[in-house]
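# Architecture and fold: a report
This is what each chain is made of:
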Amino acid sequence: MAKISQKSKGILYIMAAAFGFAMMSLFVKLAGDLPAFQKAFFRNFVALIFIFIMMLREKVSFIPPKEHIPDLLGRSFFGTMGLLCNFYALGKLNLSDANMLNKLSPFFAIIFSIFLLKEKPKFAQIIGVAVAFVGSLFIIKPGFDNPQVLPAVAGLVGGMGAGIAYTFVRRLGQKQENSRRIVFFFSAFSCLLCLPFLIIEYQHMSGLQLLYLILAGTFACIGQLGITKAYICAPAREISVYDYTQVIFAAVLGFFVFGDIPDWLSVLGYVLIIGAGVAMFFYNKRRAE
């Protein structure tokens, strides 16, 4: 039996992560019209339990080095902001639109790497960001007569928050911070931030809604662990493009579960954003080689 290469393992892990995050989005949407804080709390509380057990088993310290704390707080704050905006968008938009806007995060990461990592973007990267932004406008369809413009903008801000958070993760990676502790810190911070709003705005949930949120947290864990394993197996330049399969999974799930059919403007937006992402993938790979 042929041995699977590290790159092939990385591709399988990142596609498993993409499926996990698409399923998370599905269950968040199925949970219905609950406050975004409530959805985020239960999603992260499940993840917190999983990562807590893993850290105990692997004997990973829960206390980070003092100099890593500002970056951990930055990752946690912007990650939570991105998550809340994404969950709000998921409640109002079709599944594939909300997922696609969240996939703008790599382009925002390029922008914020200028300030946080002192990285100067190449001309090709600037073009990629511009094309992706134009694509997002086709999905958002700005206009006062569009009732979905606010949740679409929230989805865009969610992608921005995730992009800033990933930039902090990269900075923590450069400092050799433990990946499990990054996930633990984010999950704990998010739960603590959401808890007061959960108490104030708590809405009664049926047993089915609670089950959906537990499943959302479980699939979010699969996504987080899959991404981590993927980038251990292979560098981002070789596998990151496969992360866009999340939008395909979301579109299929949205069609079969909710009957969602994106309009032609949204599809054009998908093509521009994914096209820019694929072009950036090949550009980065060629530069690395």
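Summarised in this report is the structure supplied together with it. What you see is a predicted model, and the numbers here were worked out from it, not measured in a lab.

### Quick notes on the overall build of the chain
Of the regular secondary structure elements, the chain holds 12 helices and zero strands. Tracing the chain from N to C terminus, the helices and strands come up as α-α-α-α-α-α-α-α-α-α-α-α. For 289 residues, the compact-globule estimate of 2.2 N^0.38 gives 19 Å, and the chain sits close to it at 18 Å. Its C-alpha atoms give the chain principal-axis dimensions of roughly 50 × 50 × 50 Å. Going through the 289 residues of the chain one by one, you find that 49% of them count as buried. By sequence separation, contacts in the chain at least 24 residues apart represent 89% of the contacts at least 6 residues apart. A total of about 14300 Å² of accessible surface is found on the chain, and carbon and sulfur atoms cover 71% of it. Across the chain, the 26 positively charged side chains and the 14 negatively charged ones have centroids separated by 9 Å.

### Observations regarding empty space enclosed by the protein
Rolling a probe over the atoms, with the probe sized like a water molecule, indicates the empty space that remains. Counted under the stated rule, the structure contains two cavities of 30 Å³ or more. In this structure, the largest cavity encloses a volume near 70 Å³. Lining of the largest cavity is provided by Arg-43, Asn-44, Ala-47, Phe-50, Ile-51, Met-54, Val-183, Phe-186, Ser-187, Cys-221, Gln-224 and Leu-225. Of all the elements in the fold, those that place two or more residues in the lining of the largest cavity are helix H2 (36-57), helix H8 (179-201) and helix H9 (207-233). In terms of residue class, the lining of the largest cavity is built from eight nonpolar, three polar and one charged. Estimates place the volume of the second largest cavity at around 40 Å³. Together, Ile-51, Ser-179, Arg-180, Val-183, Gln-224, Leu-225 and Thr-228 line the second largest cavity. Listed by contribution, the elements that provide at least two residues to the lining of the second largest cavity are H8 and H9. Here the residues of the lining of the second largest cavity sort into three nonpolar, three polar and one charged.

### Details of a nonpolar patch on the surface
On the surface, a nonpolar cluster with roughly 700 Å² of combined accessible area is contributed by Ile-248, Val-252, Phe-255, Phe-256, Val-257, Phe-258 and Ile-261. With respect to the secondary-structure elements, Ile-261 resides in the loop between helix H11 (245-258) and helix H12 (264-288).

### Regarding the packing of H2 against helix H3 (residues 69-92)
Between H2 and H3, whose axes approach to 9 Å, the crossing angle comes to 120°. As summarised for this structure, H2 and H3 are arranged oblique, according to the angle between their axes. Like other packed secondary-structure pairs, H2 and H3 cross with a definite hand, here right-handed. Residues Ala-36, Phe-37, Lys-39, Ala-40, Arg-43 and Asn-44 of H2 form the contact with H3, whose participating residues are Leu-83, Leu-84, Phe-87 and Tyr-88.

### Describing the layout of surface pockets
One number sums up the size of the second largest pocket: a volume of about 170 Å³. A per-element tally of the lining of the second largest pocket places H3 first, with four residues. Here the lining of the second largest pocket is composed, by residue class, of five nonpolar, two polar and four charged.

### So, the environment of Asn-102
Structurally, Asn-102 is set in helix H4 (residues 95-102). Among the residues examined, Asn-102 registers a relative accessible area of 18% and is labelled buried. Separated by 83 residues in sequence, Asn-102 and Phe-19 place their C-alpha atoms 15 Å apart. Once residues within four sequence positions are removed from consideration, Asn-102 is found in contact with Asn-86, Gly-155, Gly-158 and Gly-159.

### Comments concerning the packing of aromatic side chains
Summed over all chains, the structure comprises 13 aromatic pairs. On the numbers, 5.5 Å between centres and 85° between planes, the contact of Phe-41 with Phe-42 is edge-to-face. The residues Phe-41 and Phe-42 share a single accessibility class, namely buried. Aromatic side chains Phe-281 and Phe-282 sit 5.0 Å apart centroid to centroid with 70° between the ring planes, which places their arrangement in the edge-to-face category. Lys-29 extends its terminal NZ or CZ atom over the ring of Phe-258, reaching a point 5.6 Å from the ring centre. A cation over a ring is seen here: Arg-75 above Phe-186, with NZ or CZ 4.2 Å from the ring centre.

Conventions used here
Residues numbered from 1 in each chain as written. Predicted model: local features only at pLDDT ≥ 70, side-chain atom pairs only at ≥ 80, totals over all residues. Heavy atoms only, no water. Helix = DSSP H or I, 4+ residues; strand = E, 2+ residues; numbered from the N terminus. Rg over C-alpha atoms; globule rule 2.2 N^0.38 Å. Buried < 20%, exposed > 50% of the residue type's maximum accessible area, 1.4 Å probe, protein only. Contact = heavy atoms within 4.5 Å. Areas by Shrake-Rupley, 256 points an atom, 1.4 Å probe, with all protein chains shown as cover. Lys, Arg positive; Asp, Glu negative; His and termini not counted. Charge placed at Lys NZ, Arg CZ, Asp CG, Glu CD. 1 Å grid on protein atoms, 1.4 Å probe; cavity = no way out; pocket = protein on both sides within 12 Å on 5 of 7 lines; lining within 4 Å. Points joined across faces, edges and corners; volume = space filled by probe spheres on them. Nonpolar A, V, L, I, M, F, W, Y, C, P; charged D, E, K, R; others polar. Patch = residues over 30% accessible without salt bridge, like charges linked within 9 Å, V, L, I, M, F, W, Y side chains within 5 Å. Salt bridge = Lys/Arg side-chain N within 4 Å of Asp/Glu carboxyl O. Axes fitted to C-alpha atoms, helices over the stretch in contact; angles between N-to-C directions. Parallel < 35°, antiparallel > 145°, perpendicular 65-115°, else oblique. Left-handed = near helix turned anticlockwise from the far one by under 90°. Phe/Tyr/Trp six-rings, centres within 6.5 Å; stacked < 30°, edge-to-face > 60°. Lys NZ or Arg CZ within 6 Å of the ring centre and 35° of its normal.

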